[in-house]
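Structure at a glance
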Amino acid sequence: DDSRNVLYVSNINGRPSEKNGDGFISKVTLAGEIENLEWITGLNAPKGMGIWQNYLYVSDIDELVEIDIESGEILNKYQTEDAMFLNDVTVDDAGNVYVSDMSTQNSVIYKFFDGKLEVWLQSEQISSPNGLFFEDGRLIVGTNDGYLKEIDLADKSITTIAKTGFGIDGIQGIDGENFIVSDWEGRTAFISATGYVRVLMNT
């Protein structure tokens, strides 16, 4: 959170699809110190997060949770009938929130705006979407079958940036062109705009 100089960390605290009410969000300083371990509680298996103005949006299995950052209170939980494994979250310049559902049964990207969570994209070219990152009018998507793809928000055209060979989880853009990605098996990799992939760390 650039405006507050704090990191928000989602803690699944159980199985990734278990509705146990034990999930929580922590606040961590940029120096790595825990400011508030259980800042937001009562979630199930929170994963991806995105910020718009004073709101933090968190995916929680089959719900998009809206949190007021200043008060630290959950304001709303938005559901859609078919959601099964909501994963990552990103927000565009207009405040539209995008949420991936990486389940093989659903495999869609949702869009949330004006209180509604609706299917935005379902395509054979995007298989089990996981990581999401918005940048310059495009949505960068990492898939479970190891592709990093770009979706133009204006016409929803899809372009492949790279095939990594591993299921992409988190995505962060750097310098407006290149990307850092993490994967489920513990790797962190650099991906260039031209599709070059270099593993930076393998844990």
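What counts and what doesn't
Residues numbered from 1 in each chain as written. Predicted model: local features only at pLDDT ≥ 70, side-chain atom pairs only at ≥ 80, totals over all residues. Heavy atoms only, no water. Patch = residues over 30% accessible without salt bridge, like charges linked within 9 Å, V, L, I, M, F, W, Y side chains within 5 Å. Areas by Shrake-Rupley, 256 points an atom, 1.4 Å probe, with all protein chains shown as cover. Salt bridge = Lys/Arg side-chain N within 4 Å of Asp/Glu carboxyl O. Helix = DSSP H or I, 4+ residues; strand = E, 2+ residues; numbered from the N terminus. Buried < 20%, exposed > 50% of the residue type's maximum accessible area, 1.4 Å probe, protein only. Pairing = 2+ DSSP bridges. Axes fitted to C-alpha atoms, helices over the stretch in contact; angles between N-to-C directions. Core = buried A, V, L, I, M, F, W, Y, C linked by side-chain atoms within 4.5 Å. Contact = heavy atoms within 4.5 Å. Phe/Tyr/Trp six-rings, centres within 6.5 Å; stacked < 30°, edge-to-face > 60°. Lys NZ or Arg CZ within 6 Å of the ring centre and 35° of its normal.

1. Re a nonpolar patch on the surface
A cluster of nonpolar side chains, contributed by Leu-7, Val-9 and Leu-30, occupies part of the molecular surface with about 260 Å² of accessible area. With respect to the helices, strands and loops of the structure, Leu-30 is situated in the loop between β2 (23-29) and β3 (34-43). Since its relative accessible area comes to 58%, Leu-30 is described here as exposed.

2. A few points about the sheet that holds strand β11 (residues 116-121)
Across the sheet, four strands lie side by side as β8-β9-β10-β11; this open sheet has antiparallel pairing. The sheet is open, and its two edges are formed by β8 (86-91) and β11, each paired on a single side. Ignoring which end each strand starts from, the neighbouring axes of this sheet average 30 degrees apart.

3. Quick word on the nonpolar core
Counting 13 residues, the largest nonpolar core has Leu-64, Val-97, Val-99, Tyr-110 and Phe-112 as the members making the most contacts within it. Put simply, the parts of the chain that give this core at least two residues each are β8, β9 (97-101) and β10 (108-113). Setting aside chain neighbours within four positions, we find Tyr-110 in contact with Thr-80, Asp-82, Ala-83, Leu-86, Val-97, Tyr-98, Val-99, Asp-101, Leu-117, Glu-118, Val-119 and Trp-120.

4. Structural notes on the sheet that holds strand β7 (residues 73-79)
Strand order across the open sheet formed by four strands is β4-β5-β6-β7, with antiparallel pairing between neighbours. Looking along the sheet, the strands with just one partner apiece sit at the ends: β4 (46-52) and β7. Averaged over all pairs of adjacent strands, the angle between strand axes in this sheet comes to 25 degrees, irrespective of strand direction.

5. A closer look at unusual backbone geometry
Of note, the phi angle at Asn-5 is positive, near 50 degrees, even though the residue is not glycine. With respect to the element layout, Asn-5 can be found in the segment before β1 (6-11). A residue is classified by how much of its surface remains accessible, and Asn-5, at 52% relative accessible area, is exposed.

6. A short note on the pattern of salt bridges
Throughout the structure, instances matching the rule amount to nine salt bridges. Connected via shared salt-bridge partners are Asp-1, Arg-4 and Glu-70.

7. A look at the packing of aromatic side chains
According to the stated counting rule, one finds four aromatic pairs in the structure shown. Between Tyr-78 and Phe-112, the ring centres sit 4.4 Å apart and the planes meet at 45 degrees, which makes this aromatic pair tilted. Taken together, the positions of Tyr-78 in strand β7 and Phe-112 in strand β10 put the pair 34 residues apart, joining distant regions of the chain. We classify Tyr-78 as buried; its relative accessible area is 16%. Residue placement shows Lys-149 over the ring face of Tyr-147; its charged tip is 5.0 Å from the ring centre.

8. A few points about the environment of Trp-120
Turning to its location among the elements, Trp-120 is positioned in strand β11. Given a relative accessible area of 10%, Trp-120 falls into the buried group. Taking the C-alpha atoms as reference points, Trp-120 and Ser-100, separated by 20 residues in sequence, lie 9.9 Å from one another. Trp-120 has contacts with Tyr-98, Ile-109, Tyr-110, Lys-111, Leu-139, Ile-151, Leu-153 and Lys-156, leaving out every residue within four places of it along the chain.

Note that all results are geometric; they support no functional claim without further evidence.
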